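# Notes for the structure review
Spelled out from the first residue to the last, the chains are:
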Amino acid sequence: MRAFLAWLYGAALALGGPGLFAVAALDSSFISLPQINDLLVVLMVVRNKALMPYYALMATAGSVAGCYVLYLIAERGGEAFLAKRLKRGHVDRALAIYRKRGVLALMVPALLPPPAPFKLFVLLAGVAEVRPLVFASSIAIARGLRYLVIGALAVRYGDFALELLQEHGRETALWVAVFIVAAGIAWWLLRRSSSARS
């Protein structure tokens, strides 16, 4: 497995954006490749800072594509698959959260680093029959924000950002997620207060 990961990492770097798309799609579908997308985004951005938006876009598009594969599988019979692996009460509670909280039940896990069970939430979105456009746009927004912030850190801090991710990948990704969620809540509160005043 380690040899495969090393080959995949090297191939993605050689291909650039398309390689990043492919790795993100694999990671978001059937194969778990923890932290490899974040590392690839940072390394590619450090090599060519001007292409940061492109690399963030390719990682986001790959992630959406991989997640959509899982979503389609879950939509066509995922409830039986989940029922075999999870207690019925857990599935019912998760589905209730989707119906009550909508896209937030998908966007927050999309921001979190491993070992957050993001693929479980993707499968549950298919079972809950979240509309395809809502599903895809939720993943795109959450993952897009994550990769843009990581890319911006790489532009600002260069090799230090790469070292930070290599040594403290999960903690860094968690802080990025916390920052994005906090910024989103602050934006929502500001909009709410300004609309209340007007």
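As a reminder, the structure under discussion sits directly above these lines.
Everything quoted here is computed from the prediction, not taken from an experiment.

Between helix α1 (residues 2–15) and helix α3 (residues 36–47), whose axes approach to 11 Å, the crossing angle comes to 35°. α1 and α3 meet at a crossing whose hand is right-handed. Touching Tyr9, Ala12 and Leu13 of α1 are Ile36, Leu39, Leu40, Leu43, Met44 and Arg47, all from α3. Considering only residue class, the contact of α1 with α3 consists of eight nonpolar, no polar and one charged.

Turning our attention to the environment of Ala59. Along the chain, Ala59 falls in helix α4 (residues 52–75). Measuring from C-alpha to C-alpha, the distance between Ala59 and Phe21 comes to 5.2 Å, with 38 residues separating the pair along the chain. The residues contacting Ala59, other than those within four sequence positions of it, are Leu20, Ala24, Val41 and Tyr147.

Below, the discussion takes up the pattern of salt bridges. With the rule as written, the count across this model stands at two salt bridges. We note a salt bridge from Arg146 to Asp38, for which the minimum N-O separation is 2.7 Å. Note that Arg146 is positioned in helix α9 (residues 132–157) and Asp38 in helix α3, a separation of 108 residues in sequence. The burial state of Arg146 is the same as that of Asp38; both residues are buried. When the shortest N-O distance is used, the salt bridge between Glu75 and Arg76 registers 3.6 Å.

A few words now on the environment of Tyr55. For Tyr55, the location among the structural elements is in helix α4. In the structure, Tyr55 is positioned 39 residues away from Gly16 in sequence and 8.1 Å away in space, judged by C-alpha atoms. Residue contacts for Tyr55: discarding those within four places in its chain leaves Gly16, Gly17, Leu20, Met44, Val45 and Asn48.

This part covers the nonpolar core. In terms of nonpolar packing, the biggest core is built from 24 residues, with Tyr98, Leu106, Phe118, Val122, Ala125, Phe135 and Ile139 touching the most fellow members. Listing elements by their share of this core, those giving two or more residues are α4, α6 (88–101), α7 (104–111), α8 (118–127) and α9. Residues within four places of Tyr98 in sequence aside, it is in contact with Ala105, Leu106, Phe121, Val122, Leu124, Ala125, Ala128 and Val130. Leu8, Val23, Ala59 and Tyr147 belong to the second largest nonpolar core, which has 20 residues in total.

Put simply, α4 and α9 touch, their axes get as near as 8 Å, and they point 145° apart. Considering the relative orientation of α4 and α9, their crossing is right-handed. Of the residues in α9, those in contact with Met52, Ala56, Ala59, Thr60, Ser63, Val64, Cys67, Tyr68 and Tyr71 of α4 are Pro132, Phe135, Ala136, Ile139, Ala140, Arg143, Gly144, Tyr147, Leu148, Gly151, Ala152 and Val155. Taken together, the residues of the contact of α4 with α9 sort by class into 16 nonpolar, four polar and one charged.

Cut-offs applied
Residues numbered from 1 in each chain as written. Predicted model: local features only at pLDDT ≥ 70, side-chain atom pairs only at ≥ 80, totals over all residues. Heavy atoms only, no water. Axes fitted to C-alpha atoms, helices over the stretch in contact; angles between N-to-C directions. Helix = DSSP H or I, 4+ residues; strand = E, 2+ residues; numbered from the N terminus. Left-handed = near helix turned anticlockwise from the far one by under 90°. Contact = heavy atoms within 4.5 Å. Nonpolar A, V, L, I, M, F, W, Y, C, P; charged D, E, K, R; others polar. Salt bridge = Lys/Arg side-chain N within 4 Å of Asp/Glu carboxyl O. Buried < 20%, exposed > 50% of the residue type's maximum accessible area, 1.4 Å probe, protein only. Core = buried A, V, L, I, M, F, W, Y, C linked by side-chain atoms within 4.5 Å.

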